[in-house]
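Breakdown of the fold
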Amino acid sequence: QVQLVESGGDLVQAGGSLSLSCTASGSFYSTNDMAWYRQAPGRQRELVAAIRSTGSTNYADSVKGRFTISRDNGKNTVYLQMNSLKPEDTAVYYCNVETWAHGDPGYLEVWGQGTLVTVSS
């Protein structure tokens, strides 16, 4: 079984920065694509940023130039550096990691429990 543990959510003023991390643990062979999603109250969950095993990345238009996703394969960890935060960035942030767990036929998606980011104006 694979678990994702997220950390880094906090209350920050507009214009500030936060760094989120998400670490996979448990019995698995490897990880593949990793991503961060967010869900604001009353809104659907949306993709914020993703990073493939090759290192290529893509971002939502709303965060381009402000957020940076990265990964450390040795630590099975994905990071999200968030700069120039805006009140509209307020949401619960979830990490999503494709893992190949022992006993599974291939990669399956695993979700973290979510970490709250609140940006005050």
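Structure shown above.
Here we summarise the structure given alongside this text. (Residues numbered from 1 in each chain as written. Predicted model: local features only at pLDDT ≥ 70, side-chain atom pairs only at ≥ 80, totals over all residues. Heavy atoms only, no water.)

**A closer look at the state of the cysteines**
Within this structure, the stated rule accounts for 1 disulfide. In this model, C22 is linked to C95 through a disulfide, with the two sulfur atoms separated by 2.0 Å. With the S-S bond torsion at 50°, the cross-link from C22 to C95 turns out right-handed. Placement of the pair is C22 in strand β3 (residues 18-26) and C95 in strand β9 (residues 91-101), with a sequence separation of 73 residues. You can call C22 buried: its relative accessible area is 1%. (Disulfide = S-S within 2.5 Å. Helix = DSSP H or I, 4+ residues; strand = E, 2+ residues; numbered from the N terminus. Buried < 20%, exposed > 50% of the residue type's maximum accessible area, 1.4 Å probe, protein only.)

**Thoughts on the packing of aromatic side chains**
A complete count under the given rule lists 3 aromatic pairs for this structure. With a centroid separation of 6.1 Å and 85° between ring planes, the pair formed by Y29 and W100 is classed as edge-to-face. Of the two residues, Y29 sits in strand β4 (residues 28-39) while W100 sits in strand β9, which places them 71 residues apart along the sequence. Y29 sits in the exposed class, given a relative accessible area of 56%. Judged by relative accessible area, W100 falls into the partly exposed class, the value being 31%. Each member of the aromatic cluster is reached from another via a ring pair, and the members are Y29, W100 and Y107. In this structure, R45 is placed above the aromatic ring of W111, and the distance from its NZ or CZ to the ring centre is 4.7 Å. (Phe/Tyr/Trp six-rings, centres within 6.5 Å; stacked < 30°, edge-to-face > 60°. Lys NZ or Arg CZ within 6 Å of the ring centre and 35° of its normal.)

**Concerning the environment of R38**
On the secondary structure map, R38 appears in strand β4. Along the chain, R38 and S17 lie 21 residues apart, while their C-alpha atoms are 16 Å from each other. If sequence neighbours within four positions are ignored, R38 has contacts with Q44, R45, E46, V48, S62, V63, F67, E88, D89, A91, V92 and Y93. A polar contact is formed between the side chain of R38 and the side chain of E46, at a distance of 2.7 Å. (Contact = heavy atoms within 4.5 Å. Polar contact = N/O pair within 3.5 Å; in protein donor to acceptor, adjacent residues only side chain to side chain.)

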